[in-house]
Amino acid sequence: ILDLGCAGGRDIVDFARRGHRPVGLEGSLAFCELARAKAAPLDAGIEVWQQNLCDMSLPPARFDGVFANAVLFHVPSDCLDAVLAQIYATLRPGGVFFASNAHGFGEDKE
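Computed from a prediction, not measured in an experiment: that's the story for all the values here. (Residues numbered from 1 in each chain as written. Predicted model: local features only at pLDDT ≥ 70, side-chain atom pairs only at ≥ 80, totals over all residues. Heavy atoms only, no water.)

Thoughts on the overall build of the protein
Working step 1: From N to C terminus, the protein includes 3 helices and 5 strands.
Working step 2: Along the chain direction, N to C, the helices and strands of the protein fall in the order β-α-β-α-β-β-α-β.
Working step 3: Its C-alpha atoms give the protein a radius of gyration of 14 Å, within 12% of the compact-globule value 13 Å for 110 residues.
Working step 4: When its C-alpha atoms are laid out on the principal axes, the protein stretches across 40 × 35 × 25 Å.
Working step 5: Expressed as a percentage of its 110 residues, the buried residues of the protein come to 35%. (Helix = DSSP H or I, 4+ residues; strand = E, 2+ residues; numbered from the N terminus. Rg over C-alpha atoms; globule rule 2.2 N^0.38 Å. Buried < 20%, exposed > 50% of the residue type's maximum accessible area, 1.4 Å probe, protein only.)

Right under this line is the structure:
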């Protein structure tokens, strides 16, 4: 599973605990370092890649799933088509793309 915009790594850790081999992708170096530190105690070989969403270079047909929780609204409209094309290309045949965006007035915050 590719966790697009993994931030501090909460979801990649959860995915690993559930038996998946997640890869986190994040634009912020500080968040990448935080995610790596959070994942390290699991000793599960979790990778965290630093890439800008508008300039991603994803391996073709690598992932069974892409998880984009509360991240796509950060993508400027002029590069959204390219981002979605990269997501599609990195999915294996039959792969699943999950996207969600925050809504309301903060009731979905942790």
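There's more to say after this.
Looking at helix H1 (residues 10-17)
Working step 1: Those residues of H1 that fall on the buried side of the exposure criterion are Asp 11, Ile 12, Val 13, Phe 15 and Ala 16.
Working step 2: Contact partners of the buried residues in H1: strand E1 (2-4), strand E2 (23-26), helix H2 (29-39), strand E3 (47-50) and strand E4 (63-69).
Working step 3: Gly 19 sits one or two residues past H1 and shows a positive phi near 100 degrees. (Contact = heavy atoms within 4.5 Å.)

Considering the pattern of salt bridges
Working step 1: In total, this model carries 4 salt bridges according to the counting rule given.
Working step 2: Its salt-bridge partner being Asp 11, residue Arg 10 comes within 3.2 Å of it at the nearest N-O pair.
Working step 3: Residue Asp 11 is classed as buried on the basis of its relative accessible area of 17%.
Working step 4: For Arg 18, the salt bridge is made with Asp 14, and the minimal N-O distance between the two is 2.9 Å. (Salt bridge = Lys/Arg side-chain N within 4 Å of Asp/Glu carboxyl O.)

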